[in-house]
Amino acid sequence: NAGVTQTPKFRVLKTGQSMTLLCAQDMNHEYMYWYRQDPGMGLRLIHYSVGEGTTAKGEVPDGYNVSRLKKQNFLLGLESAAPSQTSVYFCASSFGTALSSYNEQFFGPGTRLTVL
Amino acid sequence: QKEVEQDPGPLSVPEGAIVSLNCTYSNSAFQYFMWYRQYSRKGPELLMYTYSSGNKEDGRFTAQVDKSSKYISLFIRDSQPSDSATYLCAMGLPSGGGADGLTFGKGTHLIIQP
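Positions within a chain are numbered from 1, following the residues in the order the chain's sequence is written. Numbering of ligands from 1 and lettering of chains from A proceed in the order in which they are written. In view of the model being predicted, local features appear only for residues whose pLDDT reaches at least 70, and side-chain atom pairs are presented and counted only at 80 or more, with totals across whole chains, interfaces and linings using the full set of residues. Computation of side-chain values: all heavy atoms of the structure, hydrogens and water removed.

**Notes on the nonpolar core**
General note: in soluble globular proteins, nonpolar side chains tend to be found buried as a group.
1) Next: In terms of nonpolar packing, the biggest core is built from 24 residues, with Trp35(B), Ile72(B), Leu74(B), Tyr87(B) and Met91(B) touching the most fellow members.
2) Next: For helices the rule is a DSSP run of H or I covering at least 4 residues; for strands it is a run of E covering at least 2, with both sets numbered from the N terminus onward. Looking at this core, the elements with two or more residues in it are strand 3 (19–25), strand 4 (32–38), strand 5 (45–51), strand 7 (61–66), strand 8 (71–76), strand 9 (85–92) and strand 11 (108–113) of chain B.
3) Next: Excluding residues within four positions of it along the chain, Leu74(B) makes contact with Val19(B), Ser20(B), Leu21(B), Trp35(B), Leu47(B), Met48(B), Phe61(B), Thr62(B), Ala63(B) and Tyr87(B).
4) Next: Only buried residues count toward a nonpolar core, which is a set of Ala, Val, Leu, Ile, Met, Phe, Trp, Tyr and Cys residues joined through side-chain atoms within 4.5 Å. Three labels apply to residues, based on accessible area from a 1.4 Å probe with only protein chains included: buried if under 20% of the type maximum, exposed if over 50%, partly exposed otherwise in between. Membership of the second largest hydrophobic core comes to 19 residues, among which are Met19(A), Cys23(A), Met27(A) and Val66(A). We call two residues in contact when some of their heavy atoms are within 4.5 Å.

**Some points on the packing of aromatic side chains**
1) Next: Ring pairs are drawn from Phe, Tyr and Trp, using the six-membered ring of Trp, whenever the two centres fall within 6.5 Å, and their geometry is named by plane angle: stacked under 30 degrees, edge-to-face over 60, tilted for the rest. Tallying each qualifying case throughout the model produces 12 aromatic pairs over all chains.
2) Next: For the ring pair Tyr35(A) and Phe107(A), a centre distance of 5.6 Å and an interplane angle of 35° mean the geometry is tilted. Of the two residues, Tyr35(A) is situated in strand 4 (residues 31–38) and Phe107(A) in strand 10 (residues 106–107); the sequence distance between them amounts to 72 residues.
3) Next: When its relative accessible area of 1% is taken as the criterion, Tyr35(A) is described as buried.
4) Next: Classification of Phe107(A) by relative accessible area gives buried; the value is 11%.
5) Next: For the pair Tyr32(B) and Tyr51(B), a centre-to-centre distance of 5.1 Å together with 45° between the ring planes defines the contact as tilted. With Tyr32(B) in strand 4 and Tyr51(B) in strand 5, this pair connects stretches of sequence that are 19 residues apart.
6) Next: We classify Tyr32(B) as buried; its relative accessible area is 8%.
7) Next: Among the aromatic residues, those joined into a ring-pair cluster are Tyr33(A), Tyr35(A), Tyr48(A), Phe107(A), Tyr36(B) and Phe104(B).

**Digging into the sheet that holds strand 8 of chain B**
Residues and elements named next belong to chain B.
1) Next: Pairs of strands are assigned from DSSP output, requiring at least two bridges between the strands. An order of 1-3-8-7-6 is seen for the five strands of this open sheet, with the pairing classed as antiparallel. With partners counted over all chains shown, the strands left at the sheet margins are strand 1 (4–5) and strand 6 (54–58), one partner each.
2) Next: Inspection of the sheet shows strand 7 paired to strand 8 by six bridges, in the antiparallel sense. By the bridge assignment, valine 65 is partnered in strand 8 with isoleucine 72.

**Things to note about the pairing of strand 4 of chain B**
Residue and element names in this part refer to chain B.
1) Next: Burial analysis of strand 4 places seven of its seven residues in the buried class, the great majority of the element.
2) Next: By the alternation rule, side chains of strand 4 split into Tyr32, Met34, Tyr36 and Gln38 and Phe33, Trp35 and Arg37, which are all buried.
3) Next: As paired elements, strand 4 and strand 5 share six bridges and run antiparallel to each other. By the bridge assignment for strand 5, tyrosine 32 is matched with tyrosine 51.
4) Next: Between strand 4 and strand 5, which pair antiparallel in sequence order, lie six residues; one of them, arginine 41, sits at a positive phi of approximately 65°.
5) Next: Note that strand 4 and strand 9 share seven bridges and pair antiparallel. From the neighbouring strand, tryptophan 35 faces strand 9, where its bridge partner is cysteine 89.

**Notes on the side chain of Ser93(A)**
All names here are of chain A.
1) Next: Of note, serine 93 is situated in strand 9 (residues 87–94).
2) Next: Looking at serine 93, the relative accessible area reads 0%, which means it is buried.
3) Next: N or O atoms within 3.5 Å of each other form a polar contact, as long as, within protein, one can give a hydrogen and the other can take it, and as long as residues adjacent in sequence are counted only when both atoms are side-chain atoms. Within the local environment of serine 93, its side chain forms a polar contact with the side chain of histidine 29, the two groups lying 2.7 Å apart.
4) Next: When sequence neighbours within four positions are dropped, the list of residues in contact with serine 93 reads Val4, Gln25, Met27, His29, Tyr31, Met32, Tyr33, Glu104, Gln105 and Phe106.

**Some thoughts on unusual backbone geometry**
1) Next: Cis geometry marks the peptide bond from Thr7(A) to Pro8(A); its omega dihedral reads -5°.
2) Next: At Asn28(A), a position not held by glycine, the phi torsion is positive, near 60°.
3) Next: Checked against the element boundaries, Asn28(A) lands in the loop between strand 3 (19–25) and strand 4.
4) Next: Unusually for a residue other than glycine, Lys70(B) sits at a positive phi of about 55°.
5) Next: As for its position among the elements, Lys70(B) is in the loop between strand 7 and strand 8.
6) Next: Assessed through its relative accessible area of 25%, Lys70(B) is described here as partly exposed.

Here it is in structure tokens:
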């Protein structure tokens with residue numbers, strides 16, 4: 001049981017390049033989330049998904065797109081990377097409030113992205 | 001508007017001391033209160049979970065929630081150097097209250113000096 005895994009662990013991009021971050025979970029969780037974590041800003045929700053085929057915007061969605069084609073995977077895309085997107089990106093998953101009385105989120109190890 | 005306040009620290013204490021970490025919040029609808037621990041260059045991991053008001057103890061860790069004051073605390077007894085990490089408070093709405101789930105504090109950086 002690997003929990004939540006993220007690929008890649010590190011990446012350096014040039015401004016304007018695109019990339020996709022992959023998140024996978026093997027806990028059969030319904031809900032999945034993408035956060036970014038910046039110094040002094042804490043964890044900020046980018047997008048989330050309440051099930052396969054669904055996505056929704058979080059607090060800071062601009063410049064990002066997501067897809068949830070399979071229940072176990074949640075992809076985060078950067079179409080045209082900007083230096084402001086330099087951050088540590090965390091994926092998380094949870095059972096979902098329909099199946100659990102509270103929404104404990106399990107986090108992946110993070111992806112460190114630098115945009116030059 | 002969701003808002004959680006947490007002192008970023010750093011908080012530096014000697015080994016063996018009792019540590020007190022705190023968060024305040026403004027949204028009275030929060031029902032679930034959690035503490036996550038995050039080691040450097042790792043993802044957050046759930047440490048303690050409390051529903052509504054009251055205390056919860058787990059080994060050296062005690063979580064307290066005072067909903068009337070909108071204030072939550074985490075106490076660490078007999079602190080160890082391995083407790084050095086960033087501690088994030090997180091709060092959640094009642095079941096079905098929203099899939100976006102948790103609102104996080106910015107984290108307190110704790111250093112336990114050997």
